[in-house]
Every structure is written in C-alpha cells, then in structure tokens.
Protein chains: 2
Amino acid sequence: MNNNRFLVTYQITGDEVDALARAQIICFEQTVEVSEELINSDFIREQIVGQLIEFKTITEQCFNVTISYAIDTTAFEITQLLNVIFGNTSIKTHIKVVNIQFPSTLLDYFSGPRFGVQGLREKVQITHKPLLCTALKPMGKSATELATLAYQFALGGVDIIKDDHGLTNQSFCPYEERVKACVAAVAKANDKTGKNCIYVPNITAPVTEIEKRVTYAKRQGAGGLLVAPGLTGFDTMRAIAESEFIDLPLISHPALLGSMVTSQTNGFAHSVLFATLQRLAGADATIYPNYGGRFGFSREECDAIATACSAPLGNYPAIFPTPGGGMTLDKVPDMQQLYGENVIFLIGGALYAHSPDLVENVRYFLNLVGRT
Amino acid sequence: MNNNRFLVTYQITGDEVDALARAQIICFEQTVEVSEELINSDFIREQIVGQLIEFKTITEQCFNVTISYAIDTTAFEITQLLNVIFGNTSIKTHIKVVNIQFPSTLLDYFSGPRFGVQGLREKVQITHKPLLCTALKPMGKSATELATLAYQFALGGVDIIKDDHGLTNQSFCPYEERVKACVAAVAKANDKTGKNCIYVPNITAPVTEIEKRVTYAKRQGAGGLLVAPGLTGFDTMRAIAESEFIDLPLISHPALLGSMVTSQTNGFAHSVLFATLQRLAGADATIYPNYGGRFGFSREECDAIATACSAPLGNYPAIFPTPGGGMTLDKVPDMQQLYGENVIFLIGGALYAHSPDLVENVRYFLNLVGRT
C-alpha cells in the first residue's frame, strides 16, 4: 500500500455501466466537489482527486470499487477523515462503505485504543475466558438504588458494570451522585470478593460538559468510561483516548448509529462501523447487538465485527467485541464457537430476570461462559 | 400538549399487529431498556416509560405511532435528547422518525438559532428576495488562490461565501492562513461594492481544536461559521450557538448525515433531520441537496424541509432552507414558487462553470433569482 494514500472500498449496486460512472463520481464528490473540466492544476488532478484503484464484479448487479485518497486530504482529523470516506456520498443511495485500509502513516496520527484486549484484561485481572459485563437500569432509579444493584452484581463476580447508556445527568439520578455511590459500592464488593470489578459510568454528554464528567469519574475511581460516538461524534472518543490524565478504558455504545448499518445499500458494513472506526477512534470494547436478540444483526455480521476487532490495524491492539443481549443457555455453545475467549458478553435484562437473586444470577452466567 | 412531555411520531411499516407490538416495545427500548415485568416502581412505570399516545393507520402496511416521553428523561442535553428519540431504535428496521413536537419547557433549555432569517438578512443587509451563497473550492487550492476566488465572488455581489466543507486544516491550505486571506479579500471587495458579503469558514474540526478555530474566525472578522453536525455531533453546534463570545450565524452542512434519510423505512424524515433538529441545535441556515440535482431528494422532501424551517417551534426564529446545487435557468421559476423569498440558494460548481468570468457569473445568478 502507498503510504501516502488510504483505501476505501464501496459496494455499488446497479448495472455495470452505471456503477462505473458512480465510482468515478465518488472520486470527485469526496474530494474536490467540482467536475473534471474545472480542475486546471496537475497537483489537484493527480493528488487530491480520489483514484479508482479496483473495480470488481461481485454479482451482475453489485460491484466493489476501491478508491484511494491522499492521507493529506484528511488533515489528520477524525472529523475530516470521516468526511472524505463518506461525507457527501452518504446522501446517495446504492453506495455502501464495505472496507477501509489505512496505512500506518495515517493511523500513527491517532493513538488508537489505549488498553485493548490485554490492557482491559489486566484492569479486571481476568487473563482468560470471556468477560462478563452488565448494565445498571432502569432509568428512573435513584443513585442509591443503582449502587445497591452494582454492589450485588460485583459481589456475584461480574467483571464490568456499566451505566445503561440512557443514564446521563437526569434530576432523579444526578451524574456525580451516581458515580460516587456506584464506585463506592463496587469497591466495597471488591473488598469482599478480592476481585477487580470495574464500574463504568456513561460520560456521553454535551460537549461543554464532557471534560467535567470524565474528570469527575477519573477522580472518584471509575474503572472505565462508556461513550456513544453516534451522539457525541467519533472524535470525542478519540480525544478521551488520547488524554494524558484520563487513562481509562473506553467502551463504545452504538446508540443512534443504527441508520448507518440497517440498509443493505447505504451506510457502512457492520465490521467497518463497529470495529475499524471504533479502533481508529480509541475504543477498547465495542458494544453491538448480538445475533438472535431483539435487533436484527445476523451471525455473519457479528462474526465480521469480531474478526475486524482483532484484524491487523497498524500498531493498534485488538479490542473486545461486546455483543449485547441474546445470551441464553441454548445459544452459549454457538456463541463461544463464534467469539472464542476474547469477548465481553453484555447481559442486561436477562441478568435481572433470571431469578430474584442477582448475586446468584451472575454466578449462573459466569458458569455459562465457563468461568467458575 | 403536556408541558412535561414531548412527542415523537414513528412510522412503522409492517402488518398492524406487529406494528402495535413494535410501538409498545419502543416505549421501553427508548427509556428503561427492560421489559415491563422488571419494573416495580410506579414512578418509573408512569413517568419514565414512553407512553403510546396515538396509533394511526396510514396504509394497510404503514402506521404512524406517537409516543410521549418525559422531558426529564433528556436531562436537557442534546446528546441524551437524540438518544431518547432514536438511540437504540435506530438499530431496528422498519421504524422511522417522521415528526417531533417539543413543548417550550424543553426548547427553552436551549438557545436555538441566534440569528434566524431576520438576523442573517440584517448581517448581509438584504431585506428581501433570496440570498445567494457559493463555496470556495476545489480542495487543493492554496489559501491565496481561494482568496482570489472569494474576492471575485464578492465583487460580483454574492451574499455569502463559504468554505467547501472539505476544507479544514490541510497542509496545502492551513485554516488560519485561509481565514485571514479570505476575510481580507471579501472586506476589500465590500469596500468597492458597498455591500456586506460575509465569508463563512468551515470550523468542522476535532473537538480539541474547534474552540481555537471558532475564536480565530471571530477575531479575524469572519461573518459566519460552517459546521457539519454529522461529523462533530449536533451538540457542538448548540454549544457554538450559545457561546457568548461567538455571536456569528451558523450554517449547517449535511455531510455524513445521509444514511439517516436515504432509507424509506429507517432514520428520520427529511424535515426532522434537516430542519427541526437543526433549529434545536442552533443552525441559522441548513444546507441540503436540492431536488433534481446530483442527489436524490424529491421536490416534496425539499418542500417539507423548507416548511419545517419556518414552522412554529417554541420561541425559535425561522431559519433559512439552503438548497444546494441544481440551480439552472429552466428550474428557477419552480424553485421560486417552492421556496418563496426566504431561501439561500447555494451555487457551487455551476457558478464556476457558467463562464470564465466569475464576477459576471454571480451577476447572472443574482438576476436569475430576481436580484438586480
């Protein structure tokens, strides 16, 4: 790969002549936004305009076209990088981003995941087998009530306890009160169990509030941070991942990103949106709905996400696929076959519903994934 | 409308029994994220869970369901408000947000558009008839070259000159150099013409850079700011709109938002995404692709956007629909009929291509829209 350029593969649906024409239009649309006749500079024509590198027939009505862009067009900013990849073209139908290949020369401008699989395992001191994560809910409970739940989950041996992503700073459960109470509850349980469960507050917030929330979480002793880049923008996650003071693992939540993957003919492939771009922006674990749950992801799409979480990507570490929901006794063998051991299983409602004894429920699910 | 709740109308496609079941699931999914059996608090059941207000048959396979949510669930944050509206449900197919109704009690937490139609008209001193906007391009030109273009456009009498949205801080055209040169070029032309053309730099940038760029633009004398909320997050626009120091009009660009409107059965209605949410987050003008151009918006979708730009919305002012592209001689009568006079016509490539004389080209297009 040319170190000065990165590659985006678009899947274009339609007939071949039209697909080729659309591919050529993308080269201009994503960069210069003028037609070829208006370009009177060799530098712009040769360096700035995207270059059609490959045009590959998938089926009679489906083509994968790979376009290379100069890394300089991104200004080495996540915001502008996303814009070059799909900014204006996102508004067109029948064009989908299915793969991106970044050279290290571009990746090295960002710090990537700070912890990754190994770093997060060290944090919770579980070196093998899947990790178990749960969520504090429902919205409407007070900080004290949520802390009581956190205590029981930690006592049962869950590894990661995150806020439900809808908990922010509501009047009935203020952020600082919740973080303080939950950090204390989990610490108290850890004292009893000798384990290293971490509490991960949701820091998805207005841009003018995030730094305060993140700093508070760090000072109180939170063990990680939950952020929804679909709500804050991907670059906010990158900024936290690169912050010197905030050395905490980041767990990414898919809220509001759905429209970017639900269409077969627009948006991003699941693996690009929920793995490649997450690693680029510094997530250490990426939450997405597991196959067979209440959302419609297929087993193949989940497999592609998990694979892209550990595929080579410059010097970036592998991160944890974190499938949510759908964890039932009968599905465990298949899920273990699919995900192997480097996975975080996120179990929300099922962990509450299994029996009234939350401590026992955690043990049941730990058992299910081979942790005893 | 109940002042403590806001209303979201979802269009659900499928058969009636399934649509009703999905509507009920949305009430839980967007708030508590647990099933009804797990809720043991009257407060949560009655206040926090969404309430199905209306279930309306549109066709045999299409239903509009209106759900009310407590405004308190939003914590009065744009990020969490978007999450309540469509966070997890965005990941489901066959559900689309087609309308939102906010009470003033919620809207008053945000400042809304600072300028709106009237404020922006005062800024450029054009009280009637459509405004004309163009973009500096292509990417790859130097700051000096772009400033030369800006000078000619301003001399011709264009009202607003914005950066192409792909210009950020590339090495071949650094942000500060460009802003300084373009502000000066436009001021020089204004001195000659006696007009009040404004230069609007693109401040879409990493979260750690935006404040610096915005402040620089303000200090240099830029007349407005261009931001792409699909890249930065909507709340970034809100923060700038509310900033005391940065009292400049905001023009919103649709980059990366496309996947949220291209599907018939997921995402947002055009009017919600490109008007209602833009006003909520403080845009004074909202760019979107005009019908009949190189993107696929229909005349009806553009009409709905324009209508929602000036529909009642608390105490917020009307904002400018800013359709881009597609401005040709034969379409002008129909566009004038659709948009009336409170519109900004964004003309990029056509203004460059019409003839080699950019000054004359501006005059030609001003004439087209009845400005002489």
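Note that the coordinates shown come from a computational prediction; the quantities given were computed from them, not determined experimentally.

## Some details on the overall build of chain A
Next, step 1: A tally of helices and strands in chain A yields 15 helices and 13 strands.
Next, step 2: Sequence separation of at least 24 residues holds for 74% of the intrachain contacts in chain A that already meet a minimum separation of 6.

## Considerations on the relation of the copies chain A and chain B
Next, step 1: Mapping chain A onto chain B calls for a screw motion: a turn of 180 degrees about the axis and a shift of 0.0 Å along it, with 0.0 Å RMSD after fitting. The operation mapping one copy onto its partner corresponds to a two-fold rotation axis. Using C-alpha coordinates, one finds that chain A approaches the rotation axis most closely at Gly233 of chain A, a distance of 2.2 Å.
Next, step 2: Interface overlap between copies: 100% of the residues of chain A at the interface are likewise at the interface in chain B, consistent with a symmetric, same-surface contact.

## Structural notes on the nonpolar core
Next, step 1: Counting 260 residues, the largest nonpolar core has Ala150 of chain A together with Ala150 of chain B as the members making the most contacts within it.
Next, step 2: When near neighbours in sequence (up to four residues on either side) are disregarded, Ala150 of chain B contacts Leu136, Ile161, Cys182, Ala185, Val186 and Tyr199 of chain B.

## With respect to the environment of Ala75 of chain A
Next, step 1: Secondary-structure assignment places Ala75 of chain A in the loop between strand 3 (62-70) and helix 3 (78-86).
Next, step 2: Put simply, Ala75 of chain A and Thr57 of chain A are 18 residues apart on the chain and 33 Å apart in space, counted from C-alpha to C-alpha.
Next, step 3: Leaving out residues up to four positions away in the same chain, Ala75 of chain A has contacts with Gln80 of chain A together with Thr168, Asn169 and Gln170 of chain B.

## Describing the domain arrangement of chain A
Residues and elements named next belong to chain A.
Next, step 1: With domains assigned, chain A is organised as domain 1 (5-107) and domain 2 (116-368).
Next, step 2: Domain 1 and domain 2 are separated by 33 Å when their C-alpha centres are compared.
Next, step 3: The interface is formed by 15 residues belonging to domain 1 together with 15 residues belonging to domain 2.
Next, step 4: Per-element tally for the side of domain 1 that touches domain 2: the top contributor is strand 4 (residues 95-101), with six residues.

## Some details on helix 7 (residues 175-193) of chain A
Residue and element names in this part refer to chain A.
Next, step 1: Taking 1.5 Å of rise per residue, 19 residues should cover 27 Å, and helix 7 covers 27 Å from first to last C-alpha, within 8% of that figure.
Next, step 2: Taken residue by residue, helix 7 has Tyr175, Arg178, Val179, Ala181, Cys182, Val183, Ala185, Val186 and Ala189 as its buried positions.
Next, step 3: At the exit of helix 7 stands Gly194, carrying a positive phi of roughly 75 degrees.

## As for the packing of helix 7 (residues 175-193) of chain B against helix 8 (residues 210-220) of chain B
Residue and element names in this part refer to chain B.
Next, step 1: Packing of helix 7 against helix 8 brings their axes to within 10 Å, and their N-to-C directions diverge by 20 degrees. In terms of axis orientation, helix 7 runs roughly parallel to helix 8. When you trace helix 7 past helix 8, the crossing you get is right-handed. On helix 8, the residues touching Tyr175, Glu176, Val179, Lys180 and Val183 of helix 7 are Arg213, Tyr216, Ala217 and Gln220.
Next, step 2: Class assignment for the residues of the contact of helix 7 with helix 8 results in five nonpolar, one polar and three charged.

## Things to note about the pairing of strand 6 (residues 160-163) of chain B
Residue and element names in this part refer to chain B.
Next, step 1: Side chains Ile160 and Lys162 project from strand 6 onto one buried face, and the interleaved Ile161 and Asp163 project onto a second face that is buried too.
Next, step 2: Bridge count between strand 5 (residues 131-136) and strand 6: four bridges; the pairing is parallel. Bridge pairing in strand 6 places Cys133 opposite Ile160.
Next, step 3: The parallel pair strand 5 and strand 6, bridged by helix 6 (residues 143-156), forms a crossover whose chirality is right-handed.
Next, step 4: As paired elements, strand 6 and strand 7 (residues 198-200) share three bridges and run parallel to each other. Paired with Ile161 across the bridge in strand 7 is Tyr199.
Next, step 5: Handedness of the β-α-β unit built from strand 6, helix 7 and strand 7 comes out right-handed.

## Details of the sheet that holds strand 1 (residues 5-13) of chain A
Within a beta sheet, neighbouring strands are joined by backbone hydrogen bonds and run either parallel or antiparallel to one another.
All names here are of chain A.
Next, step 1: As summarised here, the arrangement of the five strands in space is 2-3-1-4-10, forming an open sheet in which the pairing is mixed. Across the chains shown, the open sheet's two edge strands, defined by having one partner strand only, are strand 2 (51-59) and strand 10 (266-268). Taking each pair of neighbouring strands and ignoring which way they run, the sheet shows an average axis angle of 20 degrees.
Next, step 2: Where strand 1 lies against strand 4, six bridges are found, and the strand directions are antiparallel. By the bridge assignment for strand 4, Tyr10 is matched with Val97.
Next, step 3: In the packing of helix 1 (residues 16-29) onto the sheet, contacts are made with strand 1, strand 2, strand 3 and strand 4, and the angle to strand 2 comes to roughly 150 degrees.

## Some words on the environment of Tyr364 of chain B
All names here are of chain B.
Next, step 1: Relative to the assigned elements, Tyr364 resides in helix 15 (residues 358-368).
Next, step 2: For Tyr364, a count of 16 C-beta atoms within 10 Å gives the class partly exposed.
Next, step 3: For Tyr364 and Leu329, which are 35 residues apart along the polypeptide, the C-alpha to C-alpha distance reads 9.9 Å.

## Quick notes on the interface of chain A and chain B
Next, step 1: Facing the 69 residues of chain A at the interface are 69 residues of chain B.
Next, step 2: Every element with two or more residues in the side of chain A that touches chain B is listed here: helix 2 (42-48), helix 3, helix 9 (229-232), helix 10 (234-242), strand 10 and helix 14 (349-353) of chain A.
Next, step 3: A per-class count over the side of chain A that touches chain B returns 30 nonpolar, 32 polar and seven charged.

## Examining the packing of helix 6 (residues 143-156) of chain A against helix 7 of chain A
Residue and element names in this part refer to chain A.
Next, step 1: Two elements in contact, helix 6 and helix 7, have axes separated by 8 Å at closest approach and are oriented at 25 degrees. It follows from the interaxial angle that helix 6 and helix 7 lie roughly parallel. Here helix 6 and helix 7 pass one another in a crossing that is right-handed. Across the interface between the two elements, Ala143, Thr144, Leu146, Ala147, Ala150, Tyr151, Ala154 and Leu155 of helix 6 pack against Glu177, Arg178, Ala181, Cys182, Ala184, Ala185, Val186, Lys188, Ala189, Asn190, Lys192 and Thr193 of helix 7.
Next, step 2: Here the contact of helix 6 with helix 7 is built from residues that sort into 13 nonpolar, three polar and four charged.

## Some remarks on unusual backbone geometry
Excluding glycine, most residues fall at negative phi; most peptide bonds, likewise, are trans.
Next, step 1: A cis amide bond links Lys137 of chain A to the next residue, Pro138 of chain A, at an omega of -5 degrees.
Next, step 2: Even without being a glycine, Phe76 of chain B presents a positive backbone phi close to 55 degrees.
Next, step 3: In this structure, Leu256 of chain B is a non-glycine residue whose phi angle is positive, near 70 degrees.
Next, step 4: If you trace the backbone, Leu256 of chain B turns up in the loop between strand 9 (250-252) and strand 10 (266-268).
Next, step 5: The class of Leu256 of chain B is buried, set by 25 C-beta atoms lying within 10 Å.

## Digging into the environment of Leu155 of chain A
Residues and elements named next belong to chain A.
Next, step 1: Topologically, Leu155 is positioned in helix 6.
Next, step 2: Since 21 C-beta atoms lie within 10 Å of it, Leu155 is described here as buried.
Next, step 3: Considering only alpha carbons, one finds Leu155 and Asn190, 35 residues apart in sequence, at a separation of 7.1 Å.
Next, step 4: Once residues lying within four places of it in the same chain are set aside, the contact partners of Leu155 are Ala189, Lys192, Thr193 and Val359.

## A look at helix 5 (residues 116-124) of chain A
Residue and element names in this part refer to chain A.
Next, step 1: Residues of helix 5 that are buried include every one of Gly116, Val117, Leu120 and Val124, and no others. Take helix 5 and look down its axis: the buried residues cluster within an arc of 130 degrees, on one side only. For helix 5, the exposed residues set more than 90 degrees away from the buried face come down to Gln118 and Glu122.
Next, step 2: Looking one or two places after helix 5, you find Gln125, whose phi comes out positive at around 60 degrees.

## Description of the confidence of the model for chain A
A low pLDDT score tells you not to read the predicted coordinates there in detail.
Next, step 1: On average, residues of chain A score 96 in pLDDT, and 100% of them reach the 70 mark or higher.
Next, step 2: At the level of chain-chain contacts, confidence expressed as ipTM amounts to 0.97, with global pTM at 0.98.

The rules behind the values
Residues numbered from 1 in each chain as written. Chains lettered and ligands numbered in written order. Predicted model: local features only at pLDDT ≥ 70, side-chain atom pairs only at ≥ 80, totals over all residues. Helix = DSSP H or I, 4+ residues; strand = E, 2+ residues; numbered from the N terminus. Contact = placed C-beta atoms within 7 Å. Least-squares fit on C-alpha atoms with pLDDT ≥ 70 in both. Core = buried A, V, L, I, M, F, W, Y, C linked by C-beta atoms within 7 Å. Buried ≥ 20, exposed ≤ 12 C-beta atoms within 10 Å, placed from the backbone. Domains from an automatic or database assignment. Expected span 1.5 Å × (residues − 1). Axes fitted to C-alpha atoms, helices over the stretch in contact; angles between N-to-C directions. Parallel < 35°, antiparallel > 145°, perpendicular 65-115°, else oblique. Left-handed = near helix turned anticlockwise from the far one by under 90°. Nonpolar A, V, L, I, M, F, W, Y, C, P; charged D, E, K, R; others polar. Pairing = 2+ DSSP bridges. Right-handed = clockwise from strand over helix to strand, strands pointing away. Arc of directions from axis to C-beta. pLDDT = per-residue confidence, 0-100.

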